[in-house]
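# Report on the structure
Listed below are the residues making up each chain.
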Amino acid sequence: DSGVTQTPKHLITATGQRVTLRCSPRSGDLSVYWYQQSLDQGLQFLIQYYNGEERAKGNILERFSAQQFPDLHSELNLSSLELGDSALYFCASSPTGSGRRYEQYFGPGTRLTVT
Amino acid sequence: GESVGLHLPTLSVQEGDNSIINCAYSNSASDYFIWYKQESGKGPQFIIDIRSNMDKRQGQRVTVLLNKTVKHLSLQIAATQPGDSAVYFCAEKKSNYGQNFVFGPGTRLSVLP
């Protein structure tokens, strides 16, 4: 158990819909990252937040957005869903401190199926 | 473009043997690398990391080697056990601001009894 929690575990929805994925980082971790893992694209970095502010952006579509709240939990919003958005979505968090800030602890993931 | 890749998509080893998983990277400016292990149905798990100012780092039963000359990274697992069966990813830190990591496609390691 990494200490990172994600909900829901599974999500099935239809094309065109909007969903919200939730992540709670490990206690004390200020950074949260979102990744998408699909069979054909592998593990793709989407976005990082640090203490409520966006820190880095990867291959995140404009239909997707994220935020980190004052209690440090984060939400990833996916809208106008397409079949190709079906994937595992992982959240990770990392500890604060110069010696360990690159160690990312991943949650169990949310499996999104778009039908 | 920049990419992180693997030489072998699958690797089968006998229990007790040593395993070597390879990774090639293309961004010579990358300064930090991580190996992750992902078991079926779980998220990636941090195994070991190495900074670009090092060429070797050892952990418990694992060693990471970095050859900057040929931009090659490897993960060595000693005395491979059935619990080592998983997909292994290398990841390369792409920028100095934030933690934008590029992950390789992964290598599946199967440990044979």
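Per-chain numbering applies: the sequence of each chain, read as written, is numbered from 1 onward. Chain A is the first chain written and ligand 1 is the first ligand written, with later ones labelled in order. Only residues with pLDDT of at least 70 are given local features in this predicted model, and only at 80 or more are side-chain atom pairs given and counted; all residues enter the totals for whole chains, interfaces and linings. Excluding hydrogens and water, the side-chain values take into account all heavy atoms of the structure.

## Thoughts on the overall build of chain A
Threshold: Helix numbering and strand numbering both begin at the N terminus, where a helix is a DSSP run of H or I of at least 4 residues and a strand a DSSP run of E of at least 2. Here the radius of gyration uses the C-alpha set of atoms, whereas the globule reference equals 2.2 Å times the residue count to the power 0.38. Here's how the labels work: a residue is buried when its accessible area is under 20% of the maximum for its type, exposed when over 50%, partly exposed in between, all with a 1.4 Å probe on protein chains only. Working rule for contacts: check all heavy atoms of both residues, and any pair within 4.5 Å makes them a contact.
If you tally the helices and strands in chain A, you get 0 helices and 11 strands. Ordered by position from N to C terminus, the α and β elements of chain A give β-β-β-β-β-β-β-β-β-β-β. For chain A, the C-alpha radius of gyration of 13 Å lies close to 13 Å, the compact-globule estimate for 115 residues. Counting over 115 residues, chain A shows a buried share of 52%. By sequence separation, contacts in chain A at least 24 residues apart represent 54% of the contacts at least 6 residues apart.

## Structural notes on the overall build of chain B
Put simply, the rule reads: Here the open area of atoms and residues is found with the Shrake-Rupley method and a 1.4 Å probe, where only the protein chains shown may cover a residue.
Secondary structure summary: chain B contains 0 helices and 11 strands in total. Within the span of chain B, comprising 113 residues, buried residues form 47% of the whole. Considering only contacts in chain B between residues 6 or more positions apart, those separated by 24 or more positions represent 52%. When the accessible surface of chain B is summed, it comes to about 5600 Å², and 47% of that surface belongs to carbon and sulfur atoms.

## Here's the deal with the pattern of salt bridges
Just so we agree on the cut-off: Within this document, salt bridges are pairs made up of a side-chain nitrogen of Lys or Arg and a carboxyl oxygen of Asp or Glu, the two lying within 4 Å of each other.
Here the structure, examined in full by the defined rule, presents 7 salt bridges over all chains. With a closest N to O distance of 2.9 Å, R61(B) and D84(B) form a salt bridge. With R61(B) in the loop between β6 (56-58) and β7 (62-67) and D84(B) in the loop between β8 (72-77) and β9 (86-93), the pair connects residues that are 23 residues apart, well separated along the chain. Taken together, the salt bridges that share partners define one network made up of R63(A), E82(A) and D85(A).

## Considering the state of the cysteines
Residues and elements named next belong to chain B. Just so we agree on the cut-off: For this text, the term disulfide refers to a pair of cysteine sulfurs within 2.5 Å.
Applying the stated criterion across every chain yields a total of 2 disulfides over all chains. Each sulfur in the disulfide pair C23 and C90 lies 1.9 Å from the other. Every disulfide takes its handedness from the sign of the S-S torsion; for C23 and C90 that torsion is 55°, giving right-handed. Of this pair, C23 sits in strand β3 (residues 19-25) while C90 sits in strand β9, placing them 67 residues apart in sequence. You'll find C23 and C90 in the same group, each marked buried.

## Focus on the packing of aromatic side chains
Definition in use: Any two of the Phe, Tyr and Trp rings considered here, Trp counted by its six-membered ring, make a pair once their centres fall within 6.5 Å; the pair's planes then place it as stacked at under 30 degrees, edge-to-face at over 60, or tilted in between.
Counted by the stated rule, this structure contains 12 aromatic pairs over all chains. Pairing Y35(A) with F103(B) gives two aromatic rings, centres 5.3 Å apart and planes at 85°, and the pair type is edge-to-face. Highlighted residues: Y35(A) in strand β4 (residues 31-38) and F103(B) in strand β10 (residues 101-103), drawn from two different chains. For the residue pair Y35(A) and F103(B), the accessibility class agrees, reading buried in each case.

## Quick notes on the interface of chain A and chain B
Selection rule: Once two parts are put together, the accessible area they lose, assessed with a 1.4 Å probe and summed over both, is termed the buried area. Think of it as three bins: nonpolar holds Ala, Val, Leu, Ile, Met, Phe, Trp, Tyr, Cys and Pro, charged holds Asp, Glu, Lys and Arg, and polar takes everything else, Gly as well.
At the junction of the two partners, chain A supplies 20 residues and chain B supplies 18 residues. Carbon and sulfur atoms make up 54% of the area that chain A and chain B hide from each other, which totals about 1600 Å². On inspection of chain A and its partner chain B, the count reaches 0 salt bridges. Its residues assigned to classes, the side of chain A that touches chain B comprises 9 nonpolar, 7 polar and 4 charged.

## Some words on the nonpolar core
Burial of nonpolar side chains together is a common tendency in soluble globular proteins. We apply this condition: By convention a nonpolar core is built from buried Ala, Val, Leu, Ile, Met, Phe, Trp, Tyr and Cys residues, the set being connected through side-chain atoms within 4.5 Å.
In this structure, V19(A), L21(A), W34(A), L76(A), L78(A), Y89(A) and L112(A) are the most contacted members of the largest nonpolar core, which totals 21 residues. Only β3 (19-24), β4, β5 (42-50), β7 (64-68), β8 (74-78), β9 (87-94) and β11 (110-114) of chain A provide two or more residues apiece to this core. Once residues lying within four places of it in the same chain are set aside, the contact partners of L76(A) are V19(A), T20(A), L21(A), W34(A), L46(A), I60(A), S65(A), A66(A) and Y89(A). One finds C23(B), V62(B), L73(B) and I77(B) within the second-largest nonpolar core, a separate group that totals 20 residues.

## Structural notes on the layout of surface pockets
The test is simple: Both cavities and pockets are sets of points on a 1 Å grid over the protein atoms alone; in a cavity a 1.4 Å probe fits but cannot get out, in a pocket the set is open with protein on both sides within 12 Å along at least five of seven lines, and lining residues sit with an atom within 4 Å of a point. Grid points are joined across faces, edges and corners, and a volume is the space filled by probe spheres set on the points.
Quantified by volume, the largest pocket comes out at close to 740 Å³. When residues of the lining of the largest pocket are traced back to their parent elements, those giving at least two are β4 and β9 of chain A together with β9 and β11 (107-112) of chain B. Of all the elements, β11(B) adds the most residues to the lining of the largest pocket, at 4 residues. Across the lining of the largest pocket, the residue classes break down as 11 nonpolar, 13 polar and 5 charged.

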